[in-house]
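Each chain, written out:
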Amino acid sequence: NGFNVAVAGATGAVGVEMVKTLEKRNFPVKNLKLLASARSAGKTMKFKGEDVVIEEMTHDSFKGVDIALFSAGGDISREYRPFVVESGAVMIDNSSAFRMDDDVPLVVPEVNAEDIKLHKGVIANPNCTTAIMLVAVAPLHRAKGLRRIVAATYQAASGAGAKGMHELIVQAREVLDGKAVNPVAFAHQIAFNLIPHIDAFKENGYTKEELKMLNESRKMLHLPELLVSCTCVRIPVLRAHSEALNLEFENDITPEEARAIIEAAPGVQLVDDPADKRYPMPLDATEKYDVLCGRIRQDISRNDKRGLDIFVSGDQVLKGAALNAVQIAELL
Ligand code: A2P
């Protein structure tokens, strides 16, 4: 018994973690199909102690598949969507291709699990930075009514896939050895630097990544009027994203109340004891399912109690992608 599951992009930074997460969470897999490009076909990956041979993905790969987890980029998702849906499989897509489509639910189970019911064959995984933010922000919103977010992000190299992580490691060594660097995955040198540029710039000066924080948050929280301004920054960290969030609510909220709400919420762990040097950090969030939330304080730039500042760190590859996709499959 169980489900026939396919992982499209199984060899990528996210795909590898999708396979590991299916195993770790004991997802009821009857048969697992690992799909990638022709470059990887014939290689094997381990699943539950067994070698599974990677197949080249073709339009026919989805016959008999129940759930297809996609993380091979937006163009591939667009190309394959009709074939996946026609085969009767449900596509859980990690790319940005369909996130804002009206007939595609955009889901983080801790935030809007009920939206999954509206799917017509495709469910989208949100942008990683948005997913990590909303796991912490949604419970605060449910209690106090969110109005506005001003955010700065500190995003890991893993957001650019396996090649991004590789580039950071290789480049760090090159810099230490006094060698010339050759940026490919990022617009500039990322080792010993940071880059306030993720994805393409739009006419209003924001990047697409920054506008995803606005548009995807509005969709998932069902708050079409929510105000969000964000600066997204790539930093030389391997695989967990962090975010400084200034939050404005309809109602008064104290740091004590916020801590109690975060402590009781699923998918987020309170790490907030500055006197003991305890706060969220990307190294501590790495390989954790939970998003870490701390540095909770009243916004002193306001003369009311409707503002909070918080800091979150979450594993970009897990809650930002692979884990969230597997959690959606569990809901299904
Ligand atoms: P491959 O390793 O064979 O190139 P990342 O996000 O880490 O860069 O990973 C991208 C994933 O998408 C990889 O698993 C990659 O497979 C896969 N992929 C890239 N192009 C194709 C394609 N044309 N068909 C199927 N899978 C692809």
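Residues numbered from 1 in each chain as written. Predicted model: local features only at pLDDT ≥ 70, side-chain atom pairs only at ≥ 80, totals over all residues. Heavy atoms only, no water.

### Quick word on the overall build of the protein chain
When its secondary structure is counted, the protein chain shows nine helices and 13 strands. Whereas a compact globule of 332 residues would reach a radius of gyration of roughly 20 Å, the protein chain reaches 20 Å, a difference of no more than 12%. For the protein chain, the spread of C-alpha atoms along the principal axes amounts to about 60 × 55 × 40 Å. Residues classed as buried in the protein chain amount to 53% of the 332 residues present. A separation threshold of at least 6 residues defines the contact pool for the protein chain, and within that pool the share at least 24 residues apart is 64%. Averaging the locations of the 39 positively and 45 negatively charged side chains of the protein chain gives two centres separated by 1 Å. (Helix = DSSP H or I, 4+ residues; strand = E, 2+ residues; numbered from the N terminus. Rg over C-alpha atoms; globule rule 2.2 N^0.38 Å. Buried < 20%, exposed > 50% of the residue type's maximum accessible area, 1.4 Å probe, protein only. Contact = heavy atoms within 4.5 Å. Lys, Arg positive; Asp, Glu negative; His and termini not counted. Charge placed at Lys NZ, Arg CZ, Asp CG, Glu CD.)

### A word on the site of the ligand
Surveying the vicinity of the ligand reveals 15 residues, the closest of which are Thr11, Ala13, Ser37, Arg39 and Ser40. Contact between the ligand and Gly9: an oxygen atom at 3.1 Å from a main-chain N or O atom of the residue. Take Gly12: an N or O atom from its main chain is 3.0 Å from an oxygen atom of the ligand. Alone, the ligand offers 580 Å² of accessible surface; in the complex the protein occludes 72% of this. (Near = heavy atom within 4 Å. Polar contact = N/O pair within 3.5 Å; in protein donor to acceptor, adjacent residues only side chain to side chain. Areas by Shrake-Rupley, 256 points an atom, 1.4 Å probe, with all protein chains shown as cover.)

### Examining the sheet that holds strand β13 (residues 307-315)
The strand order across the open sheet built from six strands is β9-β8-β10-β13-β12-β11, with neighbouring strands paired in mixed fashion. The open sheet is flanked by β9 (227-231) and β11 (268-270), the only strands paired with a single partner. The mean angle between the axes of side-by-side strands here comes to 25°, regardless of whether they run parallel or antiparallel. Where strand β8 (residues 146-154) and strand β10 (residues 240-249) come together, eight bridges link them in antiparallel fashion. Directly across from Tyr154, in β10, lies its bridge partner Ser242. Along the sheet, helix α7 (residues 255-264) makes contact with β11, β12 (291-298) and β13, crossing β12 at roughly 165°. (Pairing = 2+ DSSP bridges. Axes fitted to C-alpha atoms, helices over the stretch in contact; angles between N-to-C directions.)

### Describing the pairing of strand β6 (residues 90-93)
Residues Val90 and Ile92 of β6 are buried on one face, and the alternating residues Met91 and Asp93, pointing to the opposite face, are buried as well. Both strand β5 (residues 67-70) and β6 contribute to a ladder of four bridges, which runs parallel. Across the sheet, residue Phe70 finds its bridge partner in β6, namely Asp93. The handedness of the β5 to β6 crossover, carried by helix α2 (residues 74-86), is right-handed. As paired elements, β6 and strand β7 (residues 122-124) share three bridges and run parallel to each other. Across the sheet, Met91 pairs through a bridge with Val122, a residue of β7. (Right-handed = clockwise from strand over helix to strand, strands pointing away.)

### Here's the deal with the packing of helix α4 (residues 128-144) against α7
Remark: α4 packs on α7, axes separated minimally by 9 Å, with the N-to-C direction vectors making an angle of 120°. The angle between α4 and α7 places the two elements in the oblique class. Handedness of the crossing formed by α4 with α7: right-handed. Only Glu257, Ala258, Ile261 and Ile262 of α7 make contact with α4, whose side of the interface consists of Ala136, Pro139, Leu140, Ala143 and Lys144. Considering only residue class, the contact of α4 with α7 consists of seven nonpolar, no polar and two charged. (Parallel < 35°, antiparallel > 145°, perpendicular 65-115°, else oblique. Left-handed = near helix turned anticlockwise from the far one by under 90°. Nonpolar A, V, L, I, M, F, W, Y, C, P; charged D, E, K, R; others polar.)

### A look at the packing of helix α1 (residues 13-24) against helix α9 (residues 318-331)
Packed helix pairs are characterised by how far apart their axes lie and by the angle those axes make with each other. Interhelical geometry of α1 versus α9 gives an angle of 45° and a closest axis separation of 9 Å. Classified by the interaxial angle, the pair formed by α1 and α9 is oblique. As for the relative orientation of α1 and α9, their crossing is right-handed in sense. Taken together, the residues of α9 that come into contact with α1 (itself represented by Val14, Glu17, Met18, Thr21 and Leu22) are Leu318, Ala321, Ala322, Leu323, Ala325 and Val326.

### Quick word on the domain arrangement of the protein chain
When the domains of the protein chain are assigned, the result is domain 1 (3-126 + 322-331) and domain 2 (130-316). For domain 1 and domain 2, the distance between their C-alpha centres works out to 25 Å. Facing 20 residues of domain 1, the contacting portion of domain 2 comprises 19 residues. Both sides of the domain 1 and domain 2 interface together cover about 1600 Å² of buried area, and 61% of this is carbon and sulfur. Where domain 1 meets domain 2, there are two salt bridges. (Domains from an automatic or database assignment. Buried area = accessible area lost by both parts, 1.4 Å probe. Salt bridge = Lys/Arg side-chain N within 4 Å of Asp/Glu carboxyl O.)

### Regarding unusual backbone geometry
One non-glycine residue with positive phi stands out, namely Phe192, at about 60°. Owing to a relative accessible area of 57%, Phe192 belongs among the exposed residues under this scheme. Phi at Lys277 takes a positive value of approximately 55°, unusual for a residue other than glycine. Following the sequence through the fold, Lys277 ends up in the loop between β11 and α8 (282-285). For Lys277, a relative accessible area of 65% puts it in the exposed group.

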